[in-house]
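Architecture at a glance
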Amino acid sequence: MSFFEVHDPAFAAFVIGNAPVKKLATGFDWAEGPVWFGDAGCLLFSDIPNNRILRWTEEGLTTFRAPSNYANGHTRDRQGRLISCEHGTRRVTRTEWDGSLTVLADGHAGKRLNSPNDVVVARDGSVWFSDPHYGIMTDYEGFRGEEEQPCAVYRIDPDGGIEAVITDMQCPNGLAFSPDESLLYVADTGRMHSNDPQHIRVYDMVAGRPRNGRLFHKISPGCADGIRVDSDGNLWSSAGDGVHCIAPDGHLMGKILVPELVSNICFGGRAKHRLFITATTSLYSVILNRKGIQWP
Ligand code: MG
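Notes on the structure in this doc start here. (Residues numbered from 1 in each chain as written. Predicted model: local features only at pLDDT ≥ 70, side-chain atom pairs only at ≥ 80, totals over all residues. Heavy atoms only, no water.)

1. A look at the overall build of the protein chain
We apply this condition: The helix and strand labels rest on DSSP assignments: H or I over at least four residues marks a helix, E over at least two residues marks a strand, and numbering proceeds from the N terminus. For a compact globule the rule gives 2.2 Å times the number of residues to the power 0.38, and the radius of gyration it is set against comes from C-alpha atoms. Only protein chains enter the area calculation, which uses a 1.4 Å probe; residues under 20% of their type maximum are buried, those over 50% are exposed, and those in between are partly exposed. Residue contacts are defined here by distance: any two heavy atoms, one from each residue, within 4.5 Å place the two residues in contact. Working definition of accessibility: Shrake-Rupley area with a 1.4 Å probe, residue cover restricted to the visible protein chains.
Looking only at helices and strands, the protein chain has 0 helices and 27 strands in total. Its C-alpha atoms give the protein chain a radius of gyration of 17 Å, near enough to 19 Å, the size a compact globule of 296 residues would have. Expressed as a percentage of its 296 residues, the buried residues of the protein chain come to 56%. A sequence separation of at least 24 residues applies to 46% of the contacts in the protein chain between residues at least 6 apart. Carbon and sulfur atoms make up 50% of the accessible area of the protein chain, which totals about 11800 Å².

2. Points about the coordination of the magnesium ion
Worth spelling out the cut-off: Shown as donors are all N, O and S atoms within 2.8 Å of a metal ion, widened to 3.2 Å for Na, K and Ca; because water is not in the atom set, sites may appear incomplete.
The magnesium ion binds to the protein through N117 (OD1), N173 (OD1) and D225 (OD); the donor distances cover 2.2 to 2.3 Å. Motif for the magnesium ion, donor spacing along one chain: N-x55-N-x51-D. A residue pair is termed long-range when its members are at least 10 positions apart, and N117 in the loop between β12 (111–112) and β13 (119–121) and D225 in the loop between β20 (209–217) and β21 (227–229) qualify at 108 residues. Across the pair, exposure class does not vary: N117 and D225 are buried alike.

3. Thoughts on the pattern of salt bridges
Keep this limit in mind: For salt bridges, the criterion is a side-chain nitrogen of Lys or Arg within 4 Å of an Asp or Glu carboxyl oxygen.
Applying the stated criterion across every chain, the model contains 17 salt bridges. With its nearest N and O atoms 3.7 Å apart, the salt bridge here joins E5 to K255. Linking E5 in strand β1 (residues 4–6) with K255 in strand β24 (residues 252–257), this pair joins segments that are 250 residues apart in sequence. For R201, the salt bridge identified is with D168, shortest N-O distance 3.1 Å. Here R201 is found in strand β19 (residues 199–206), whereas its partner D168 is found in the loop between β16 (162–166) and β17 (172–177), with 33 residues between them in sequence. Here R201 falls in the buried class, since its relative accessible area comes to 14%. Residue D168 is classed as partly exposed on the basis of its relative accessible area, which comes to 46%. Three or more residues joined by partner-sharing salt bridges are found here, namely D77, R81, R94 and E96.

4. So, the pairing of β19
For clarity, the threshold we go by: Strands are treated as partners if at least two bridges between them are detected by DSSP.
Counting buried positions along β19 gives 6 out of 8 residues, so the element sits mostly inside the fold. With 6 bridges connecting them, strand β18 (residues 183–188) and β19 associate as antiparallel partners. The residue of β19 that forms the bridge with L183 is D204. Looking at chain direction, β19 and β20 are connected through 6 bridges and run antiparallel. Within β20, the residue paired with V206 across the bridge is R209.

5. Focus on the sheet that holds β20
The line we're drawing: Helix axes use the C-alpha atoms of the stretch in contact, all axes being lines fitted to C-alpha atoms, and the angles between their N-to-C directions lie in the range 0 to 180 degrees.
The 4 strands lie next to each other as β17-β18-β19-β20, forming an open sheet whose pairing is antiparallel. At either margin of the open sheet sits one strand with a lone partner, and together these are β17 and β20. In this sheet, adjacent strand axes meet at a mean angle of 25 degrees when their direction is disregarded.

6. Section: the packing of aromatic side chains
Put simply, the rule is: Stacked, tilted and edge-to-face are the three classes assigned to paired rings of Phe, Tyr and Trp, where Trp is represented by its six-membered ring and a pair needs centres within 6.5 Å; plane angles under 30 degrees give stacked, over 60 edge-to-face, the rest tilted. In our convention, an over-ring charge means Lys NZ or Arg CZ found within 6 Å of a ring centre and within 35 degrees of that ring's normal.
Under the counting rule described, the total for this entry stands at 9 aromatic pairs. With 6.1 Å between their ring centres and 85 degrees between their planes, W236 and F267 make a pair best called edge-to-face. Of this pair, W236 sits in strand β22 (residues 235–239) while F267 sits in strand β25 (residues 264–268), and the two are 31 residues apart along the sequence. Among the residues examined, F267 registers a relative accessible area of 1% and is labelled buried. Ring pairing ties together the aromatic residues F11, F14, W236 and F267, which thus form one cluster. Cation over ring: R76 sits above F37, and NZ or CZ is 3.7 Å from the ring centre.

Below you can see the structure in the form of structure tokens.
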């Protein structure tokens, strides 16, 4: 069987036709936030309801951190340190090389954040994260709370200042810069229990800030949660039936079919052409003919 669906003939060159979508590990309640550590040969990801961050290597699975404060999305900064969004503590943290945690953001304008969800780091070292309300809308102990902020995307300056940079979305979620950082893509998954539009928006980066937000693509079936951009500027998005690849002009190139609902993805592996996929109860991967721009 093929694990791929070609919608634009050019997509056939993006994939290796007989490459399997492999299930690497399973048994999670909601897997999220994959981040690749090439220098350590491991992948970290969250199992949010079980309050843990797991560490996958070719040798198997171990626990990286538990409790994890119900961590969700992760990335690495320009020094390679782990940056994490935590629902339970409503904050964004950095894990220092000695294992200690530094809080990068836990509030804005004198109020707590909602539930930081996903995060990326720009070349200038600024940390960009989304703060929708999902993490405080659920019933897990330690999660539930009042919404204190409009759901926004924030930028943390390398000097520590925090600024709301996108305030025109319902519930911003996954985010990714284009390879040259001239564009910022943000998935809007809409407010829970609403009929809000669910789509990916794109912003021009003007003097380091997102401007001119507009519709980029609407994923179907399902909606975009985690998104990543490859080195050619194609956008890869989680979707209801797997992972969709969207060309820079916004049209669907093709799909990777995954048997569980996908939450998030990241490129990794030795050549950065292995796509890791967190999907509900399991972690999957597939080798592609496209490379990610994750660093390092
Ligand atoms: Mg998310």
